[in-house]
Amino acid sequence: MLKAHNSKADDSAMTVDISQHGAKVRTKLTLVSGERVGVVLKGEFPDAIPARVVWVREHESDHWTFAGLKFLNTFGARK
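Just so we're clear, the structure is a prediction, and the values are computed from it rather than from any experiment.

Cut-off values and rules
Residues numbered from 1 in each chain as written. Predicted model: local features only at pLDDT ≥ 70, side-chain atom pairs only at ≥ 80, totals over all residues. Heavy atoms only, no water. Core = buried A, V, L, I, M, F, W, Y, C linked by side-chain atoms within 4.5 Å. Buried < 20%, exposed > 50% of the residue type's maximum accessible area, 1.4 Å probe, protein only. Helix = DSSP H or I, 4+ residues; strand = E, 2+ residues; numbered from the N terminus. Contact = heavy atoms within 4.5 Å. Phe/Tyr/Trp six-rings, centres within 6.5 Å; stacked < 30°, edge-to-face > 60°. Lys NZ or Arg CZ within 6 Å of the ring centre and 35° of its normal. Polar contact = N/O pair within 3.5 Å; in protein donor to acceptor, adjacent residues only side chain to side chain. Pairing = 2+ DSSP bridges.

K.L.:
Mind laying out the nonpolar core, listing which residues take part and the relevant values?
P.N.:
Within the largest apolar cluster, 15 residues are counted, with the highest numbers of intra-cluster contacts made by Leu2, Leu31, Val37, Val39 and Leu69. At the level of secondary structure, the elements contributing two or more residues to this core comprise strand E1 (2-4), strand E4 (22-27), strand E5 (36-39), strand E6 (49-59) and strand E7 (64-71). Non-local contacts of Leu31, meaning those with residues more than four positions away in its chain, are made with Leu2, Val37, Val53, Val56 and Ala67.

Here you go:
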């Protein structure tokens with residue numbers, strides 16, 4: 001799930017690629033570069049991982065938005 005700063009959420013959002021520092025996601029949300037979002041992973045991680053939108057590409061033909069996210073708190077930085 002992807003949660004935008006304006007409290008909108010997309011349960012259909014998917015990670016296309018993920019690393020320790022960020023992710024590429026597919027979503028129905030309209031996102032803008034610099035916006036803060038939260039990534040909620042299915043399974044054992046109930047808390048949203050804070051991230052910042054780095055880039056956005058909208059595909060008008062299928063109404064999906066692809067976005068590159070940078071995690072603001074990487075797993076290695078948590079105490």
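K.L.:
Now, about the packing of aromatic side chains: what can you tell me, with residues and values included?
P.N.:
Under the criterion given, the structure shown has zero aromatic pairs. Cation over ring: Arg26 sits above Trp64, and NZ or CZ is 3.8 Å from the ring centre.

K.L.:
So what's going on with the environment of Arg26? Which residues, and what values?
P.N.:
Its location among the elements puts Arg26 in strand E4. Separated by 41 residues in the primary sequence, Arg26 and Ala67 place their C-alpha atoms 6.6 Å from one another. Among all residues touching Arg26, those that are not within four sequence positions of it are Ser12, Ala13, Met14, Val16, Trp64, Thr65 and Phe66.

K.L.:
Which residues make up unusual backbone geometry, and what are the values?
P.N.:
Positive phi, close to 65 degrees, is recorded for His63, a residue that is not glycine. Mapped onto the elements, His63 comes out in the loop between E6 and E7.

K.L.:
How would you explain the side chain of Thr27 if you had to name every residue and give the values?
P.N.:
Looking at where Thr27 falls in the secondary structure, it is placed in strand E4. Side-chain polar atoms of Thr27 contact the side chain of Asp10, separated by 2.6 Å. Other than its neighbours up to four places away in sequence, Thr27 contacts Leu2, Asp10, Ala13, His63, Trp64 and Thr65.

K.L.:
How would you sum up the sheet that holds E6? Please name residues and give values.
P.N.:
On the basis of which strands lie adjacent, the open sheet formed by seven strands has the order E2-E1-E5-E6-E7-E4-E3 and antiparallel pairing. Among the strands making up the open sheet, the edge pair consists of strand E2 (9-10) and strand E3 (14-18).

Geometric descriptors of this kind do not, in isolation, establish any biological role.
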